[in-house]
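Chain and residue survey
In case you want the letters, here they are:
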Amino acid sequence: MLSGDVFETDEIAAPIGLISVVILMLTTLFKCRLLLLDFLELRHEAPQWRRGFFFAIFMIITMVIATYSLAFGI
């Protein structure tokens, strides 16, 4: 929860840092993988389905990190 929080100093929101965002997104990727395999039961489906879902989640996470980098000029 701490890595996803924005710290405020003197009424100006400071960015949490690219490393924190990457750690948060990698944790999200791991959690999504577990949910897809177990909750949606993709573990027993064809490999194409698993790869498609993982690719979609990976692309979303990549876009979030890229957007964060562009927004804060990193």
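The structure presented is a predicted model; accordingly, all values stated were derived computationally and were not measured.

A separate point is the pattern of salt bridges. Evaluated as defined, the whole model comprises one salt bridge. The residue Asp-38 makes a salt bridge to Arg-43 at a minimum N-O spacing of 2.7 Å. On the basis of relative accessibility, which here comes to 42%, the residue Arg-43 falls in the partly exposed class.

Attention now moves to the confidence of the model for the chain. Residues of the chain with pLDDT of at least 70 account for 77%, and the chain-wide mean is 81. Within the chain, strand β1 (residues 7–9) has the poorest average pLDDT of any element, 57, and helix α2 (residues 47–71) the best, 91.

Membership of the largest hydrophobic core is limited to seven residues, which are Val-21, Met-25, Leu-36, Leu-42, Ile-57, Ile-61 and Tyr-68. Of all the secondary structure elements, the ones that give two or more residues to this core are α1 (18–39) and α2.

Taken together, the side chains of Phe-55, Phe-58, Met-59, Ile-60, Met-63 and Val-64 present a nonpolar region at the surface, about 580 Å² in accessible area. Assignment of secondary structure puts Phe-55 in helix α2.

On to α1. Helix length check: α1 (22 residues) gives 30 Å between terminal C-alpha atoms against 32 Å at 1.5 Å per residue, within 8%. Among all positions in α1, only Val-21, Met-25, Leu-36 and Leu-37 are buried. Looking down the long axis of α1, one finds its buried residues gathered within 130° of arc, a one-sided arrangement. In α1, the exposed positions that point more than 90 degrees away from the buried face belong to Ile-19, Phe-30, Lys-31 and Phe-39. Among the structural elements, α2 are those in contact with the buried residues of α1. Once α1 ends, the next one or two residues include Glu-41, with phi positive near 55°.

About the thresholds
What you see as residue numbers is a count from 1 along each chain, following the sequence as written. For a predicted model such as this one, the threshold for reporting local features is a pLDDT of at least 70, and the threshold for listing and counting side-chain atom pairs is 80 or more; totals across whole chains, interfaces and linings nevertheless cover every residue. Hydrogens and water molecules were not included; the side-chain quantities draw on all heavy atoms of the structure. Just to be clear on terms, a salt bridge is a Lys or Arg side-chain nitrogen sitting within 4 Å of an Asp or Glu carboxyl oxygen. A 1.4 Å probe rolled over the protein chains alone gives each residue an accessible area, and that area as a share of the maximum for its type sets the label: buried under 20%, exposed over 50%, partly exposed in between. Confidence per residue, as judged by the predictor, is encoded in pLDDT with a range of 0 to 100. Here a helix means four or more residues in a row that DSSP labels H or I, a strand means two or more in a row labelled E, and each is numbered from the N terminus. What is meant by a nonpolar core is a set of buried Ala, Val, Leu, Ile, Met, Phe, Trp, Tyr and Cys residues, joined one to another through side-chain atoms within 4.5 Å. Patches draw on residues past 30% relative accessible area with no salt bridge. Two like charges within 9 Å are joined, as are two nonpolar side chains (Val, Leu, Ile, Met, Phe, Trp, Tyr) within 5 Å. Computed by Shrake-Rupley with a 1.4 Å probe, the accessible areas treat only the displayed protein chains as cover when residues are assessed. What a helix is expected to span follows from its residue count: subtract one and scale by 1.5 Å. By definition, the arc is the one covered by directions from the helix axis to the C-beta atoms. Throughout, a contact is declared for two residues whenever any of their heavy atoms are within 4.5 Å.

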